[in-house]
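Given next are the chains, with one letter for each unit.
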Amino acid sequence: MAYLDNIAVFVRVVELGNLSAAGRDMRISPAVASNRIKELEKHLGVRLFNRTTRQLMPTEHGTVFYAGAKQVLEAITEAEAAVSALSGQPRGTIRVTAPLGLGRRLVASGIPDFHDKYPDIEVRLRLSDHNVDIMKEGIDVAFRLGIIEDSSLRMRGIMECERVLVAAPKYLEARGEPAEPQELIGKKHDCLMLRYSGAREYVWTLQTPTGPQKFEVHGPYDTDDGDVLTGWALSGRGIINKPRFEVEPFIRDRRLKVILANTPPTPVQFAAVYPHKKLQDPKVRLLLDFMAERCQRLIKDILAGK
């Protein structure tokens, strides 16, 4: 088992790029992670990493060993999943990621309840509005809002979510309420957008009488945190494009107002994505079933004002 532990640490160091990140991910100290890499290098008789001040890069030997080591760990995971399926007692660790706002509102609060129901399953949740590389970072399940284009992943749709354009009444009083989508173009209005490395949607797609149409909107600043966007809109700084369930409480108490209701943004898909190989893992299937039902119920309750 010690040798397998060393291999597991090595694989995570390659995937995450440094000892500290790998140690945090595996709940061990950087010193322990470093020692396990040294033991593995001693066993193999080669250097596995070229060390820089900020990152560890695999050597040629390390790159070759990583490919085989990854296959070994995946084979063990699949074998354990098969045993769990036969025994009816799923166990192990699931790595989950979700966008910040959605994760806080819908996913995070359900993790303790899921663990209560399945105490032998550990869940490690990472919230980020950045586009997390699921395969590279060893994520088992990612909850996402948006278009899923990666053919290496499987998708389970949870629900289609209505989106709305909203702004604070004081912003609309100062700048005027747009009567048609074309008024969003240029610098007449401040359209605040979610931007981060790897993001693709730098335009707003609205449903017009002639079909979906893209509008290259502009704003004086943007952010990689969806909740920051909502805060800016609440303070009267601009117009935002959001899933309705995220801003419904503010619409209801009139702190935000829906604009261009006749030409709303196209809906967004709320889905869970996961690697193809995870399909047979019973613990992943249990988490997907649990979270899909729970998130659907919570979103409906939010929209109904419960």
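Within any chain, residue numbers begin from 1 and follow the written order of that chain's sequence. Only residues with pLDDT of at least 70 get local features here, since the model is predicted, and only at 80 or more are side-chain atom pairs given and counted; chain-wide, interface and lining totals rely on the full set of residues. The side-chain figures draw on all heavy atoms in the structure; neither hydrogens nor water molecules are used.

**Some points on the packing of helix H1 (residues 2-16) against helix H3 (residues 30-44)**
Then step 1. Running from N to C, H1 and H3 point in directions that differ by 110°, and their axes come no closer than 9 Å. One finds that H1 runs roughly perpendicular with respect to H3. Seen from H1, the contacting residues are Tyr3, Asp5, Asn6, Ile7, Val9, Phe10 and Val13; seen from H3, they are Ala33, Arg36, Ile37, Glu39, Leu40, His43 and Leu44.
Then step 2. Per-class residue counts for the contact of H1 with H3 are 9 nonpolar, 2 polar and 3 charged. Axis definition: a line fit to C-alpha positions, over the contact stretch in the case of helices; interaxial angles, taken between N-to-C directions, run 0 to 180 degrees. Counting from the N terminus, the helices are the DSSP runs of H or I reaching at least four residues and the strands are the DSSP runs of E reaching at least two. In this scheme, roughly parallel covers angles under 35 degrees and roughly antiparallel covers those over 145, while 65 to 115 is roughly perpendicular and the rest are oblique. A contact between two residues is defined here by any heavy atoms of the two lying within 4.5 Å. All residues other than Ala, Val, Leu, Ile, Met, Phe, Trp, Tyr, Cys, Pro, Asp, Glu, Lys and Arg, Gly among them, are scored as polar; the first ten of these are nonpolar and the last four charged.

**Some words on the pairing of strand S5 (residues 141-145)**
Then step 1. Burial within S5 is extensive, with 4 of its 5 residues counted as buried.
Then step 2. A pair of strands is treated as paired once DSSP finds two or more bridges between them. Sheet topology places strand S3 (residues 92-98) next to S5; 2 bridges connect them, and they run parallel. Across the sheet, residue threonine 97 finds its bridge partner in S5, namely alanine 142.
Then step 3. Where S5 meets strand S12 (residues 268-275), 4 bridges bridge the pair, whose relative direction is antiparallel. Across the sheet, residue arginine 144 finds its bridge partner in S12, namely alanine 271. Exposure categories follow from relative accessible area, calculated using a 1.4 Å probe and restricted to protein chains: below 20% of the type maximum is buried, above 50% is exposed, and the middle band is partly exposed.

**Some points on the sheet that holds strand S7 (residues 163-167)**
Then step 1. Strand order in the open sheet formed by 3 strands is S10-S7-S11, and the pairing between neighbours is antiparallel. Single-partner strands in this sheet number two, and they are strand S10 (240-243) and strand S11 (257-259). Taken pair by pair, the neighbouring strands of this sheet meet at an average axis angle of 55°, ignoring direction.
Then step 2. Bridge count between S7 and S11: 3 bridges; the pairing is antiparallel. Residue pairing across strands places valine 166 opposite valine 258, the latter belonging to S11.
Then step 3. Lying on the sheet, helix H10 (residues 244-252) is in contact with S7, S10 and S11; it crosses S10 at an angle near 110°.

**Describing the packing of aromatic side chains**
Then step 1. Each aromatic pair joins two rings of Phe, Tyr and Trp (for Trp, the six-membered one) with centres within 6.5 Å, and gets the label stacked for planes under 30 degrees apart, edge-to-face for over 60, and tilted for any other angle. Throughout the structure, instances matching the rule amount to 6 aromatic pairs.
Then step 2. Measuring from ring centre to ring centre gives 5.0 Å for phenylalanine 114 and tyrosine 118, while their planes differ by 50°; the resulting arrangement is tilted. Tyrosine 118 shares its class with phenylalanine 114; the two are buried.
Then step 3. Taking 5.4 Å as the distance between ring centres and 65° as the angle between the ring planes, the aromatic pair formed by phenylalanine 114 and phenylalanine 290 counts as edge-to-face. Within this pair, whereas phenylalanine 114 is found in helix H6 (residues 111-117), its partner phenylalanine 290 is found in helix H11 (residues 282-304), the two being separated by 176 residues in sequence. For the pair shown, phenylalanine 114 and phenylalanine 290 are each scored as buried.
Then step 4. Chaining the aromatic ring pairs together yields one cluster made of Phe10, Phe49 and Phe65.

**Quick look at the environment of leucine 40**
Then step 1. For leucine 40, the position within the fold is in helix H3.
Then step 2. Residues leucine 40 and tyrosine 3, spaced 37 residues apart in sequence, show a C-alpha to C-alpha distance of 7.5 Å.

**Concerning the domain arrangement of the chain**
Then step 1. Where a domain begins and ends is set by an automatic assignment or by a domain database. Taken as a whole, the chain is organised into domain 1 (1-86), domain 2 (89-159 + 269-305) and domain 3 (163-266).
Then step 2. The gap between the C-alpha centroids of domain 1 and domain 2 is 25 Å.

**Some details on the packing of H1 against helix H2 (residues 19-26)**
Then step 1. With their axes 8 Å apart at the nearest point, H1 and H2 run at an angle of 125° to one another. Judged by the inter-axis angle, H1 sits oblique to H2. Once H1 is placed against H2, the crossing between them reads as right-handed. Where H1 abuts H2, its residues Ala8, Val9, Arg12, Val13 and Leu16 lie against Leu19, Ala21, Ala22, Asp25 and Met26.
Then step 2. Here the residues of the contact of H1 with H2 are counted per class, giving 8 nonpolar, no polar and 2 charged. Should the near helix be turned counterclockwise from the far one by less than a right angle, the crossing is left-handed, whereas a clockwise turn marks it as right-handed.

**What to know about the nonpolar core**
Then step 1. Judged by nonpolar contacts, the single largest core of 30 residues is most densely connected at Leu102, Leu106, Val141, Phe143, Ile158 and Phe270.
Then step 2. Elements represented by at least two residues in this core include exactly S3, helix H5 (100-107), H6, strand S4 (121-127), S5, strand S6 (153-161), S12 and H11.
Then step 3. Sort the elements by how many residues they give to this core and H11 lands first, with 9 residues.
Then step 4. In this structure leucine 102 touches Val107, Phe143, Leu145, Phe245, Glu246 and Phe270, once residues within four positions along its chain are discounted.
Then step 5. Only buried residues count toward a nonpolar core. Its members are Ala, Val, Leu, Ile, Met, Phe, Trp, Tyr and Cys residues joined through side-chain atoms within 4.5 Å. The next biggest cluster of nonpolar side chains, apart from the first, holds 15 residues, and it includes Ile7, Val13, Ala33 and Ile37.

**Focus: the pattern of salt bridges**
Then step 1. Should a side-chain nitrogen of Lys or Arg be within 4 Å of a carboxyl oxygen of Asp or Glu, the pair is scored as a salt bridge. Taken as a whole and assessed by the stated rule, the structure comprises 18 salt bridges.
Then step 2. Its salt-bridge partner being aspartate 25, residue arginine 12 comes within 2.9 Å of it at the nearest N-O pair. Placement of the pair is arginine 12 in helix H1 and aspartate 25 in helix H2, with a sequence separation of 13 residues.
Then step 3. A salt bridge links lysine 242 to glutamate 246; the nearest nitrogen and oxygen atoms lie 3.0 Å apart. As far as the burial class goes, lysine 242 and glutamate 246 line up, both buried.
Then step 4. By sharing partners, the salt bridges in this structure join Arg12, Glu15, Asp25, Lys70 and Arg95 into a single network.

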